[in-house]
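Here's the letter readout for the chains.
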Amino acid sequence: MIKKVRQHPNQNEQLLFEISSPGKTGYQLPELDVPPVDPSQALGAAHTRAEIEGFPEVSEVDAIRHFTRLSTWNYSIDLGMYPLGSCTMKYNPRINEQVARVEGLAWAHPYQPESLAQGAMEIIAELEGALAEITGMDAVTLQPAAGAHGELTGILLIRAALEAQGNPRQKVIVPDSAHGTNPATVRMAGYETVNVASNEHGMLDPEALAKAVDESVAALMVTNPNTLGVFEERITEVAHILHAKGAMVYMDGANMNALAGISRPGDYGIDVMHLNLHKTFSTPHGGGGPGSGAVAVRRHLEPFLPAPRLRRAGDTWTWDYHRPQSIGRVRAFYGNFGVLVRALAFIMAHGKGIKLATQDALLNANYLRKLIEPHYDIAAQAPSMHECVFSDRRQAARGVHTGSIAKRLIDYGFHPYTVSFPLIVEGAMMIEPTETESKRELDLFADALISIAKEIEENPQIVLDAPHSTRTSRVDEVTAARKPVLRWQP
Amino acid sequence: MIKKVRQHPNQNEQLLFEISSPGKTGYQLPELDVPPVDPSQALGAAHTRAEIEGFPEVSEVDAIRHFTRLSTWNYSIDLGMYPLGSCTMKYNPRINEQVARVEGLAWAHPYQPESLAQGAMEIIAELEGALAEITGMDAVTLQPAAGAHGELTGILLIRAALEAQGNPRQKVIVPDSAHGTNPATVRMAGYETVNVASNEHGMLDPEALAKAVDESVAALMVTNPNTLGVFEERITEVAHILHAKGAMVYMDGANMNALAGISRPGDYGIDVMHLNLHKTFSTPHGGGGPGSGAVAVRRHLEPFLPAPRLRRAGDTWTWDYHRPQSIGRVRAFYGNFGVLVRALAFIMAHGKGIKLATQDALLNANYLRKLIEPHYDIAAQAPSMHECVFSDRRQAARGVHTGSIAKRLIDYGFHPYTVSFPLIVEGAMMIEPTETESKRELDLFADALISIAKEIEENPQIVLDAPHSTRTSRVDEVTAARKPVLRWQP
Amino acid sequence: MRYLPKSDLERRQMLDLIGASRLEDLYAHLPENIRFNGDLNVPPGKSEYEIADYFGARGGENANGFASFLGAGVYHHYRPVLVDAVVSRGEFLTSYTPYQAEISQGTLTSIFEFQTMLCQLTGMEVANASMYDGSTAVPEAAMMAMRVTGRKRVIVARSVHPEYREVLATYTRHQNVEVVEAGFDNESGAIDLRALERIVDKNTAAVIVQSPNFFGGVEDIQPLAALAHANGALLVHAFTEAVSLGVLEPPPDADIVAGELQSFAISPSYGGPFAGVIACKEKYVRQLPGRLVGQTKDASGNRAFCLTLATREQHIRREKATSNICTNQALIALMATVFMTVYGKRGLRELAEQNLAKAHYLGGELKRRFTGPYFNEFVAQASACDTINEALLRRKIIGGLPLARFYPELDGAMLLCCTEMSRRGHMDAVAEEFGA
Amino acid sequence: MRYLPKSDLERRQMLDLIGASRLEDLYAHLPENIRFNGDLNVPPGKSEYEIADYFGARGGENANGFASFLGAGVYHHYRPVLVDAVVSRGEFLTSYTPYQAEISQGTLTSIFEFQTMLCQLTGMEVANASMYDGSTAVPEAAMMAMRVTGRKRVIVARSVHPEYREVLATYTRHQNVEVVEAGFDNESGAIDLRALERIVDKNTAAVIVQSPNFFGGVEDIQPLAALAHANGALLVHAFTEAVSLGVLEPPPDADIVAGELQSFAISPSYGGPFAGVIACKEKYVRQLPGRLVGQTKDASGNRAFCLTLATREQHIRREKATSNICTNQALIALMATVFMTVYGKRGLRELAEQNLAKAHYLGGELKRRFTGPYFNEFVAQASACDTINEALLRRKIIGGLPLARFYPELDGAMLLCCTEMSRRGHMDAVAEEFGA
Ligand SMILES: Cc1ncc(COP(=O)(O)O)c(C=O)c1O
Ligand SMILES: Cc1ncc(COP(=O)(O)O)c(C=O)c1O
């Protein structure tokens, strides 16, 4: 039975270009207080455009209604649970939005004099410190704009360090369970990917790994807990194998929500890792971004961090651009500062208590696993950390695959879990509740999945055709890709 | 055909008390920087409560989801047209919300020294001036909190003035088309209501009126344009009749959206009137309030206005409490200041252009009337100003009344019009689009009403059972009133 | 103009359909003397940026960055950020009064929760959906008591907020009502029970007492209620500092409670908009003014809410209504609802205790004028209020309210308020200036 | 803790079901050396009020209330209030990447509109859903050009933002790519076409030119594109000041456009988050990095949108993807979308014209270092940049950017930016200090 939603009228809305009418305006500028300048005279007629053809013309009322209506077509954390494995969709505290808009922060120009930017620099320093403490690493850069960007930064750091030793090497080992950004990053850093298979518990096999590691290997990229939500229990041994061959260990910290306050990668041989501040540290996902991919390193990699670095000079902060061994910039300015503000606000709110948040994340995942496991096959026979991954094996036998189960969840009032990832699980159903879900919401979610399992037994078609309740029914993604229409045309 | 909405899943949510769990918290206070005090010692054990029985215990996440989900059960101006006659539901500019939150304004204490409140006082003075100019009156008080409160203030002003002349008199004349607040106000001011009937055009009949006016009559309360959306064309004559007997004319200015910039009540004999700043001047209705019921008077009533009054003393504003003839306070402090800020911001945005807004309001109403008139009976054969009132006469003949047509509009994606008011129209359908509706939205609205008219011809039951698409179907108001349940109990 | 969603082309098309040639034709039927053909004497329309600028400048002319010890009916409490997050949602901000229940369940449900929480807080059985503010809630409660008792005499404590008493005077002046003031005990600051005994009589409709009273003092309402009831009068409990309800036992013998919720996340905003409320015993509900939300079912049997008992109201009962109130303070009441939700049972208690502790810290440093128990406000005896306040202003502190303004008999007395926002350092500064 | 929606009672119930007795049991399987049993060396959790206070104080330590003439890739434009009203809606703010199209049509539709408006602005046929920022969009565009041409050499104008060039260097260093700088004409400030002719060759994948360039100068891209095309290379048009597109004709011969949209209602925020974008000719779409939204239909035949052409992306193609980008800047791109909607066709033009007029007002007062046409930034020749800027700071004005920092050859030159926010009075003050 569907307990979580009922249907309700939801406003239609056309595209901006369709509601546009020539001469409507949604703006007004103050009167110009200097003489006007003729653009074609100042810039040359050839450089001056006639008009922006097709650009919308709507009023303020049209605009707010347009975007308000559109917004109601979205699911969101504010509406309910987002059980997306690997994505850590947790509550986004509103105070963080407010403090990011404090005038002196939101309107700080990256080139304003350092004497007038001490507050911003202090925030960066505070956050670097807090993240170093949480990861157990020695230094942090906040320049990368997202997780994948952090990965690139991290691998480039390894490359620079190895290069400084005389040989950047050729390969990076990536387990088959890894997120797509890992191999893509490897290539961008000029390396070749070597895939290694996980064992039957979904974990790295140190023995197999040892065989793959030689002097051509620069690093291993390991996600921990891995994408099955399983902690790599032999991580110390793994690090040892790499280090013994002069290679390094990069940890994809996308799953740090399983560890903050209870386990510090810096304590067991990780050389460099990234954090997704838009996951573990609650900065809003915003329909796809922005994020921040802070990179934390052990001391030996610190000289290679992107320039500039913060430096304390007496009573004040200053930017140190003189970093001769630096890999260089990975982004203009100092990173996604506004995201950093939010992440620090989140850390300040929890403080030491971040450990309880992590424990609650584990509690939620294991609670869900317990409720769901009788009805779906768990992917790996190993303890779950902050997420649990199931396989659709049992349901696929009746012709219903993970994708359809996911769509059916929508009718039950939930966003789907992560579908078809990790690749090593057949028909993966990857579920991460995070710590900010209540028992009530979890119970409803388990209830929905169990109810769907029953439907698959009794009436699989209803699952195959889902969703049934949405304003937009199943979307034809195949046609979208086959005949791409990527912009509106009259 | 329903063109404006489709159905979509909409989250259920229980009451706060039902999602509460003992020990959950959504707050944290800073550490106390002074010694704690034992309440029962400081206040006496008898005065100290054990706990607030039943009070909710939820987390911040629970709270934001709760109210976000609830919000999605509402219709709102941001989602679409609100054709509520007499209510002037227009677009609420977002800049007004921002400026009302400017720290120096939002955090101004009413008793802070005048030297530190000049900005707030200046805003009040500006708004008083602008409203006096728009109404053509001589002085304005901003103390009343809403329209009805303004009415009370206005009638008390008349009473005080008459009393100063020696006789407050006994009666106030109220047309049968008047809003319920008018007669209710009359009583609160210690007068008796005398009802007069409107003529067949929905207007006051000066001849009939003249008969009703004698020395016992203190005033006439007239709504202009009246609640049929018709301008009282003989208002000058009407005023004359009252004045000739030493009585005064109170104008209910709820419909000022028809007049701003094109007609000024102060120019044709109105002695006192109120404005609903939450109607004409766009301050948000907020699900029922707050409002502001500014009262504008001609010079002869100025001495009686509520104290305090603003006075210019050299370069600064000061509050003048010495108003010996004042009716006294109608509210603590200086009125709904935050609402005043928004109203002034609205006036500043339009400036002289407010005339065009009024013209557009008239345009929209007359456009709708033209589209709808072939299908529904217009209530009065007179030109419409900013709203048009129909009767369900034709539809009632087929058993469908205004209430059901209104509910059916919901299925078409609209909020209903005002139902069953004014009382003098049989099955009234009172439609006020305001100036902030686009042609597109009006076309869809007319289209919906026309389509419903057709449904009434072909399949009246679908209209009688409406709404069909909402998460909550027709609500049983009768049982609610018969067995009132006015609070949650475990 | 950005708020007008029309192009001239569309205006043209619409005029054509109507059969008019110019916008002016739409009101050409207005008599000549009625039409205003001039140009309003207001400035041209301004851009959003200029508007932001104007109000920013006005805000800058007010106090900014001052610590404040003003209370007196308007309190400086922290506003949880969730409050604006909720009330800024267009679905709440820009919705109308929820007469159409099927598309207003959001507002209706939240009002039902508001009513419930107000009952829990005040110990009453019914609470309405809001009044304009406390100062109008009190006279409305008085008139309610008069309707209930059929009497025309009300007694109001002199320690009720002076501006509330002014509004009461305005409301009652033309109703043939006798309003009698009950003085306070010069020592304790509480209502003078003996004096009260002398004035309560069988014609009395209500005894109105505020607690904590205007001096911050907690009244012992039990004997007052007993006295009122013995005379067949109702006891009206007024309050201005809602946070006090986190720790104070609501008087079980009150018949009507009328108060102001500004303390619940409603910014001082130079005096408004605030949210008043009236709560009462169930048996008086038919005399209660203002909107009420009730629980019922929809046609499918689901729980639903709607406005109810409308026969009390002006739009149904016209001159026989309990009040003329129509528009109330719904959005502001929603702020209070969110506030109560965020703080919850424990939070409101802890908040009240912090207020208590802060006030007693400063109260302990100063010479108090009254001996009675107090919550977060108290009256201090000063040598020269103005001198102290001026010195404090120089230290970016707004001091308390000199009481002589409202109580000539309390010359040299200053009403001071401390909340969870008051920092020890500022309180020490106040003590210093009092000592100086 | 307020962000944790659980009571201890509920934790107990859940642990019971799991069969654990304490929370610690949930990770007891972690090896001892892996568990962190200490207490993190971070302060205890703070209240919302303290957090607001902390960041308020930090903001107070930055510049507040200064007029500013800084540009150089980050511009001070007015942010219409609708922008935050829209992006603050939880449905946008707290939603995930729209992989599940049926419950993400809001985000998808707005991105489709974004893509369309970017095409209209840039004259390109395809635009992606955003890149991290301009500085990463440019190297991604360079790599895209390399994939298209199969070549490993890029030419970048020295007048491209210096920090963008630094990022380009980092991205290309390990890709066996030769990056060659093309100088600017010392008189006009524009790219030196003659010099460029000498370095473009048949191995060149792309010529990257920024216009308006870092000096604010408008480049004549036509001959540059012709030169690139004659050599089989692509012309990449970079921009940092998106408002310029309101008046500047986009180069019709560009192949790829890579830019930064910070000017479109994205606050400077000490350098981010911003929104980059890459647009291109349709034929290069398979090499375009980043997300793309396409139009399609749902099962009922209604128009619908979805993420598409995912075979370019890392989650499908892994090491063969066009880029590793995953999370992008969606919400920030939405800000730009709202901005473009509010200003619209006329507004963006008028805005650009105001910027032009303001810059030319100040430019007319100062000695300009270059002669070429400029939009809202220009280089002024100063005697001593630091002295001028210090004097301006005393007048609450942040002056321009001394260029020697990035261009030793331009010692004594200062880059100044004027926008619609620049007031004449402040510009006169700048002119005064330059004259002094
Ligand atoms: C395991 C893992 N690694 C890397 C990433 C990439 O992070 P981002 O999307 O922030 O670039 C993600 C998130 O999508 C992830 O789940
Ligand atoms: C004609 C008329 N008069 C008076 C009022 C009462 O105004 P308010 O609701 O602001 O008290 C209204 C609005 O409801 C109205 O429409």
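This text goes with the structure placed above it.
Scope of this entry: the structure provided in the associated data block. (Residues numbered from 1 in each chain as written. Chains lettered and ligands numbered in written order. Predicted model: local features only at pLDDT ≥ 70, side-chain atom pairs only at ≥ 80, totals over all residues. Heavy atoms only, no water.)

1. Thoughts on the site of ligand 2
Moving on, step 1. Among the 14 residues in the neighbourhood of ligand 2, the closest are listed as Ser86, Asp252, His278 and Lys279 of chain B together with Thr327 of chain C.
Moving on, step 2. More than one chain approaches ligand 2, the contributing ones being chains B and C.
Moving on, step 3. In this structure, an oxygen atom belonging to ligand 2 sits 3.0 Å away from a side-chain N or O atom of Asn276 of chain B.
Moving on, step 4. Within the side chain of His278 of chain B, a nitrogen or oxygen atom sits 2.7 Å from an oxygen atom of ligand 2.
Moving on, step 5. In the complex, the protein chains occlude 99% of the 390 Å² of accessible area that ligand 2 would expose alone.
Moving on, step 6. Here the shell around ligand 2 gets three residues from one element, more than from any other, and that element is helix α7 (residues 147–164) of chain B. (Near = heavy atom within 4 Å. Polar contact = N/O pair within 3.5 Å; in protein donor to acceptor, adjacent residues only side chain to side chain. Areas by Shrake-Rupley, 256 points an atom, 1.4 Å probe, with all protein chains shown as cover. Helix = DSSP H or I, 4+ residues; strand = E, 2+ residues; numbered from the N terminus.)

2. Observations regarding the pattern of salt bridges
Pairing between side chains becomes possible if they bear opposite charge and their charged atoms approach one another.
Moving on, step 1. The tally for this structure, following the rule as stated, stands at 117 salt bridges over all chains.
Moving on, step 2. Linking Lys345 of chain D and Glu57 of chain A is a salt bridge whose minimum nitrogen-to-oxygen distance equals 3.9 Å. Separated into two different chains, Lys345 of chain D in helix α11 (residues 330–365) and Glu57 of chain A in the loop between α2 (39–43) and α3 (60–71) make up a pair that spans both.
Moving on, step 3. What makes Glu57 of chain A buried here is its relative accessible area of 7%.
Moving on, step 4. For Glu102 of chain D, the salt bridge is made with Lys407 of chain A, and the minimal N-O distance between the two is 2.6 Å. (Salt bridge = Lys/Arg side-chain N within 4 Å of Asp/Glu carboxyl O. Buried < 20%, exposed > 50% of the residue type's maximum accessible area, 1.4 Å probe, protein only.)

3. A few points about the interface of chain A and chain D
Moving on, step 1. Counting residues at the interface gives 202 residues for chain A and 194 residues for chain D.
Moving on, step 2. Here chain A packs against chain D, burying approximately 17000 Å² in sum over the two surfaces, 63% of which is carbon and sulfur.
Moving on, step 3. Of all residues in chain A, the largest losses of buried area upon contact with chain D belong to Arg49, Tyr111 and Leu486 of chain A, amounting jointly to 5% of the total for that side.
Moving on, step 4. Counting every contact that joins chain A to chain D gives 11 salt bridges.
Moving on, step 5. The salt bridge partner of Arg101 of chain A is Asp84 of chain D, with a shortest N-O separation of 2.8 Å.
Moving on, step 6. Here chain A is connected to chain D by 97 residue pairs in polar contact (both at pLDDT 80 or more).
Moving on, step 7. Element by element, the count of residues in the side of chain A that touches chain D is highest for helix α12 (residues 354–372) of chain A, at 13 residues.
Moving on, step 8. Class assignment of the residues belonging to the side of chain A that touches chain D gives a composition of 106 nonpolar, 57 polar and 39 charged. (Contact = heavy atoms within 4.5 Å. Buried area = accessible area lost by both parts, 1.4 Å probe. Nonpolar A, V, L, I, M, F, W, Y, C, P; charged D, E, K, R; others polar.)

4. Some words on the packing of helix α6 (residues 118–135) of chain A against helix α2 (residues 48–61) of chain D
Packed helices, taken two at a time, are described by the angle their axes make and the gap between the axes.
Moving on, step 1. Between α6 of chain A and α2 of chain D, the least distance of the axes is 6 Å, while the angle of their chain directions is 135°. Relative to α2 of chain D, α6 of chain A is oriented oblique. Two secondary-structure elements touch here, α6 of chain A through Gln118, Gly119, Glu122, Ile123 and Glu126 of chain A and α2 of chain D through Tyr54, Phe55, Arg58 and Glu61 of chain D.
Moving on, step 2. Residues that form the contact of α6 of chain A with α2 of chain D fall into these classes: three nonpolar, two polar and four charged. (Axes fitted to C-alpha atoms, helices over the stretch in contact; angles between N-to-C directions. Parallel < 35°, antiparallel > 145°, perpendicular 65-115°, else oblique.)

Don't take any of this as a statement about function, it's just geometry.
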